[in-house]
Each structure stands twice: as structure tokens, then as C-alpha cells.
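# Architecture at a glance
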Amino acid sequence: MNTKIDVLGVWVDKVTMDGALERLMEFLEEDAPHAVYTPNSEILMRAYRDEKFRDVLNTAELITPDGIGVVYASKILKDSLSERVGGFDLASRLIEKVSDGSYSLYFFGGKPGVADLAKEKLCETYPDLRVVGTSDGYFDAEKEKRIIADIKEKNPDILFVCLGAPKQEEWIFSHKKELGAKVLMGIGGSLDVFAGVTERAPESFQKMGLEWLYRLAKQPSRIGRMMDLPKFGLTVLFKGKRVK
Ligand code: UDP
């Protein structure tokens, strides 16, 4: 069976949420860094336009389909992805899985204070969760050196990199070999949600595949980015597919 599907030049893994979680647990057992990206339609559209970014995405050990747009696209390509495997949901499942302290985490990204708040909230729910370090995601070259040194010193098994796309994917690509973490996930605004700074769309919206609409209503400035959604659908419609 083909294990990946080509969506506009990005090789998205054909995994379910359970399957993706299983892969992450296997990665944690291996002595090597593993980049995990969770692109939605907007990010795939960017990758379609930008070859360098596309190449960065394709170096990942796991690429999951975040967003209903990517799942629909796979149906158009007649090689269905069975469900969306969103970054926030996958990270939540992973946190639950390692909440006994079996593996350590580091939170990198978001505005100052957000990663700390996410740690605080999650540790209230999971008292044995081992979050060994945090850094905000706004840095110059000097601060970046300090962040890298801090991550190396704390030596986490799992690193959440939440800088938004494409910054987080490019950052993981550039630094994954030097940090020591085994799983490095680029998961956008997830720390904001864990911290309770932004809210997830209600489940009814998620179930109907309308999370994008909820986010747009809450943050109308996203309209520019969201214009990529229809463009994404049309581009997929008029492109062939490759599988491997
Ligand atoms: N961010 C950051 N550093 C930056 C730019 C953004 O840490 O230089 C953070 C920002 O605070 C937010 C996240 O990256 O927490 C991006 O969120 P967004 O909702 O745009 O990401 P998405 O999930 O849509 O990719």
C-alpha cells in the first residue's frame, strides 16, 4: 500500500490519528531527530508556490494532514486520507501519552509568557508531565543562541516549535540535528490554545469541517491567508497525483 500521497508536491503521510501517535512513540525510541509537520491547505499552497519551502517540508519524517481541506483534496486525488490529523490534536494526544513522565518536553514559541502559561495549565491537568523548559518565540540572533543553548542543556525528548509557518518548519530543518530532541513538532498557535489565550473552535464547527470559518470570524485579519483555501481546492482539482 502507498504510505504517502502527493498533495501539490508535498508528500503527506496516509496516517490516522492513532497511527500518527504510534509513529511518534516509535520515533521516541530511536536515537535520531524526527521532524513532524502538520500542514493545512494554506501551508500547502505556500509550499506549492515556494520550492525551497516545499523541499524543507519533504525532509520531514512525518507530515500529517491538518485541516479538512487537505482531506477533501485527497479525495479529489482519489487516494483518500481517512481523517484530519491536526497539529494541536496530535500534540494533545502525545501529551496525554507521556503524562506519566516517561518522556520530557520543551515548549518554544508564542508571545512572552504563553509557553509558561501552557506549561502551568497542562501540569495542573497532568501533575507528572515533565516540561523541562520554555522559551517565547520572539528573538534576534543573540537570543536565538541562548534559546538553542537552553534547549541543549535541558535535553528534552520532545520539542514543540510554535512560531507559525514557514518559520517553524525552517527553524526545525536548520537546527534539528544539533538539539538532541527526538521529536520536533511544528504546531503553530497550539501553545496559545494550551495556555487558554486563544480558543479552539467549538466541536460542532470542527465536526462540520468549518473550523476555518470560526477562526476567520474571530480573527478577520486572516482573510488574506484564507483566500488560499479556494485556490488550494482549484489547484488540486487541476493537478494530477503521484504516490509512493
Ligand atoms: N509566533 C512566534 N514568533 C514569531 C511569529 C509568531 O512565536 O516570530 C507565534 C505566535 O505568537 C503564535 C504562533 O506563532 O503563537 C502562530 O500562530 P498562528 O495561529 O499564526 O499559526 P498557525 O497555527 O495558523 O500556523
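What counts and what doesn't
- Residues numbered from 1 in each chain as written.
- Predicted model: local features only at pLDDT ≥ 70, side-chain atom pairs only at ≥ 80, totals over all residues.
- Heavy atoms only, no water.
- Near = heavy atom within 4 Å.
- Polar contact = N/O pair within 3.5 Å; in protein donor to acceptor, adjacent residues only side chain to side chain.
- Areas by Shrake-Rupley, 256 points an atom, 1.4 Å probe, with all protein chains shown as cover.
- Nonpolar A, V, L, I, M, F, W, Y, C, P; charged D, E, K, R; others polar.
- Helix = DSSP H or I, 4+ residues; strand = E, 2+ residues; numbered from the N terminus.
- Salt bridge = Lys/Arg side-chain N within 4 Å of Asp/Glu carboxyl O.
- Axes fitted to C-alpha atoms, helices over the stretch in contact; angles between N-to-C directions.
- Parallel < 35°, antiparallel > 145°, perpendicular 65-115°, else oblique.
- Left-handed = near helix turned anticlockwise from the far one by under 90°.
- Contact = heavy atoms within 4.5 Å.
- Patch = residues over 30% accessible without salt bridge, like charges linked within 9 Å, V, L, I, M, F, W, Y side chains within 5 Å.
- Lys, Arg positive; Asp, Glu negative; His and termini not counted.
- Charge placed at Lys NZ, Arg CZ, Asp CG, Glu CD.
- Phe/Tyr/Trp six-rings, centres within 6.5 Å; stacked < 30°, edge-to-face > 60°.
- Buried < 20%, exposed > 50% of the residue type's maximum accessible area, 1.4 Å probe, protein only.
- Lys NZ or Arg CZ within 6 Å of the ring centre and 35° of its normal.

Residues in contact with the ligand amount to 15 residues; listed here are only the nearest, Gly110, Gly137, Tyr138, Lys167 and Asp192. Between a nitrogen atom of the ligand and a main-chain N or O atom of Gly137, the distance comes to 2.7 Å. A distance of 3.1 Å separates an oxygen atom of the ligand from a polar side-chain atom of Arg222. Contact with the protein chains hides 78% of the accessible area of the ligand, taken as 550 Å² for the molecule alone. Of the residues contributing to the shell around the ligand, the split by class is three nonpolar, six polar and six charged.

Moving on, we come to unusual backbone geometry. Note the cis peptide between Ala165 and Pro166, where omega equals 5°. On the secondary structure map, Pro166 appears in the loop between strand 7 (158–162) and helix 8 (167–179). Residues other than glycine seldom take positive phi values, yet Leu8 does so here, at roughly 50°. Position of Leu8 relative to the elements: it lies in the loop between strand 1 (4–7) and strand 2 (10–13). The backbone of Asn155 sits at a positive phi, close to 50°, despite the residue not being glycine.

Evaluation of the coordinates by the stated rule reveals 15 salt bridges. Three or more residues are tied together by salt bridges with common partners; here these are Asp66, Arg84, Asp89, Arg200 and Glu211.

Right, let's get into the packing of helix 4 (residues 68–76) against helix 13 (residues 228–237). How two helices pack is summed up by the angle between their axes together with the distance between the axes. In contact at an axis separation of 9 Å, helix 4 and helix 13 are set at 20° when each is read in the N-to-C sense. On the basis of the axis angle, helix 4 is roughly parallel to helix 13. Here helix 4 and helix 13 pass one another in a crossing that is right-handed. In this structure, helix 4 contributes Gly69, Val70, Ala73 and Ile76 to the contact, and helix 13 contributes Phe232, Gly233, Val236 and Leu237. Residue composition of the contact of helix 4 with helix 13, by class: six nonpolar, two polar and no charged.

On the surface, Glu22, Glu26, Glu29 and Glu30 cluster together into a patch of negative charge. With respect to the helices and strands, Glu26 occurs in helix 1 (residues 17–29).

Moving on: the side chain of Asp136. Considering the arrangement of structural elements, one finds Asp136 in the loop between strand 6 (130–135) and helix 7 (141–154). A polar contact is formed between the side chain of Asp136 and the backbone nitrogen of Tyr138, at a distance of 2.9 Å. Polar side-chain contacts of Asp136 include one of 2.9 Å to the side chain of Lys143. Residues contacting Asp136, with those up to four places away along its chain left out, are Phe108, Gly109, Gly110, Lys111, Pro112, Lys143 and Ile147.

Further remarks concern the packing of aromatic side chains. For the structure on display, the rule yields five aromatic pairs. Ring centres of Phe108 and Phe139 lie 5.8 Å apart, and the angle between their planes is 35°; this geometry places the pair in the tilted category. Here Phe108, found in strand 5 (residues 104–109), pairs with Phe139, found in the loop between strand 6 and helix 7; they are 31 residues apart in sequence, far enough to count as distant. Judged by centre distance (4.9 Å) and plane angle (65°), the rings of Phe108 and Trp171 are edge-to-face. Here Phe108 is found in strand 5, whereas its partner Trp171 is found in helix 8, with 63 residues between them in sequence. Classification of Trp171 by relative accessible area gives buried; the value is 6%. In textbook terms, an aromatic cluster arises when at least three aromatic residues are bridged by ring pairs, as seen for Phe108, Phe139 and Trp171. The cationic tip of Lys167 hangs over the ring face of Phe139; the distance from NZ or CZ to the ring centre is 4.7 Å.

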